[in-house]
Amino acid sequence: MLWYYCILCLIAYHFFVLLFVWSYWKTIFTIPMNPTKEFHLSYADKELIEREPRGESQQDVLRRLAKDLPVYTRTMSGAIRYCDRCQLVKPDRCHHCSVCDKCILKMDHHCPWVNNCVGFSNYKFFLLFLAYSLLYCLFIVATDLQYFIKFWTNGLPDTQAKFHIMFLFFAAAMFSVSLSSLFGYHCWLVCKNRSTLEAFRSPVFRHGTDKNGFSLGFSKNLRQVFGDEKKYWLLPIFTSLGDGCSFPTCLVNQDPEQASTPSGTNVAAKSADNHQFPAKPLRESQSHLLTDTQSWTESSCNEEKGKLGMITRMTIEKET
Ligand SMILES: [Zn+2]
Ligand SMILES: [Zn+2]
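What counts as what
- Residues numbered from 1 in each chain as written.
- Chains lettered and ligands numbered in written order.
- Predicted model: local features only at pLDDT ≥ 70, side-chain atom pairs only at ≥ 80, totals over all residues.
- Pairing = 2+ DSSP bridges.
- Helix = DSSP H or I, 4+ residues; strand = E, 2+ residues; numbered from the N terminus.
- Axes fitted to C-alpha atoms, helices over the stretch in contact; angles between N-to-C directions.
- Parallel < 35°, antiparallel > 145°, perpendicular 65-115°, else oblique.
- Left-handed = near helix turned anticlockwise from the far one by under 90°.
- Contact = placed C-beta atoms within 7 Å.
- Nonpolar A, V, L, I, M, F, W, Y, C, P; charged D, E, K, R; others polar.
- Core = buried A, V, L, I, M, F, W, Y, C linked by C-beta atoms within 7 Å.
- Buried ≥ 20, exposed ≤ 12 C-beta atoms within 10 Å, placed from the backbone.
- Domains from an automatic or database assignment.

A. Representation of the sheet that holds strand β8 (residues 204–205). Pairing is antiparallel in the open sheet, where 3 strands are placed in the order β1-β8-β9. Single-partner strands in this sheet number two, and they are β1 (73–74) and β9 (208–209). Sheet topology note: the β1/β8 ladder contains 2 bridges and is antiparallel. Residue pairing for β8: Thr73 is matched across the bridge by Phe205.

B. Structural detail: the packing of helix α1 (residues 2–29) against helix α4 (residues 123–152). Contact geometry of α1 with α4 gives a least axis separation of 8 Å together with a crossing angle of 150°. In this view, α1 runs roughly antiparallel relative to α4, as classed from their interaxial angle. The chirality of how α1 crosses α4 is left-handed. Between α1 and α4, the residues in contact are Cys9, Ala12, Tyr13, Phe16, Val17, Leu19, Phe20, Ser23, Tyr24, Lys26 and Thr27 and Phe125, Phe126, Leu128, Phe129, Tyr132, Ser133, Leu135, Tyr136, Phe139 and Thr143, respectively. Looking at side-chain class alone, the contact of α1 with α4 contains 16 nonpolar, 4 polar and 1 charged residues.

C. Molecular detail of the nonpolar core. One finds Val89, Phe126 and Phe129 to be the most contacted residues of the largest nonpolar core, which totals 41 residues. For this core, the secondary structure elements donating two or more residues are α1, α3 (56–66), β3 (88–89), β5 (102–104), β7 (116–118), α4, α5 (161–192) and α7 (218–226). Structurally, this core is a two-domain feature, drawing no fewer than three residues from each of domain 1 (2–33 + 121–186) and domain 2 (37–118). Ignoring sequence-local partners within four residues, the contact set of Val89 consists of Phe39, Leu62, Leu65, Ala66, Leu69, Val71, Ile80, Arg81 and Tyr82.

D. Representation of α7 within the structure. Looking at α7, one finds that the buried residues are Arg223, Gln224, Val225 and Phe226. Against α4 and α5 lie the buried residues of α7. Following α7 by one or two positions, Gly227 has its phi on the positive side, about 90°.

Take a look at the structure:
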């Protein structure tokens, strides 16, 4: 019976170690994604902005650029989000990391434990790293517990090894406590579709601040990070939905200055010419991130319609 238990422990231990190291490796060595070239300023625009670094004319240039981009978030003062360092229009959920000195797509935080930025490209890996390291520590605590009790009841032989048992137990138990709180917090963030930065400061949309602006409901929020195929959910393989530059939102309160939508095929836009929709959030929105429609870069069919007036557009998700 003992050998059976030993083999089981050995298999479980190596299983946890393998997945822990694999996800840790992927979190560390996945290069964070930066905004694509569409968000960067052209040479002429850079010159224009440098000539007038502050004020309305800078905003005019940025507004003209953002018109063709899927940018829905704004600064607290309602201006287009612009990064001086990288000289680009910041995509939604993108932030400049002062450590990496780059704009990171869907930046969550810069993590000293992995010496890397946690963002769109490695957030799933980071979550799995937390989960597997927690399981690993709990496994150590569980298997070490009986020897730890023997240590205090003088049931262990008086060798150096007895102190190893005690140290191992304390280290694993302490990491378990801190990892479980961090993992629990990030599970809550995933359910709400928020990054750590957004949890501290809610994203600002054209109509105002909304902490649930990117939330699509529990199931869809989960799929945003882990993807559609459940068989890959527990493996550190990239399966997150979208391109990291544009995100579906339940509040498609379209900026009338915004030419294109991230959805590409805007179902409601056709009727928007005739109907005034109330500016209230929709729970469901269509996005190419969740469906396989054309990407926002190709969608300029609504350009003219967007200039027709103060029409609030809404898009409705096609159930797939
Ligand atoms: Zn930047
Ligand atoms: Zn960073």
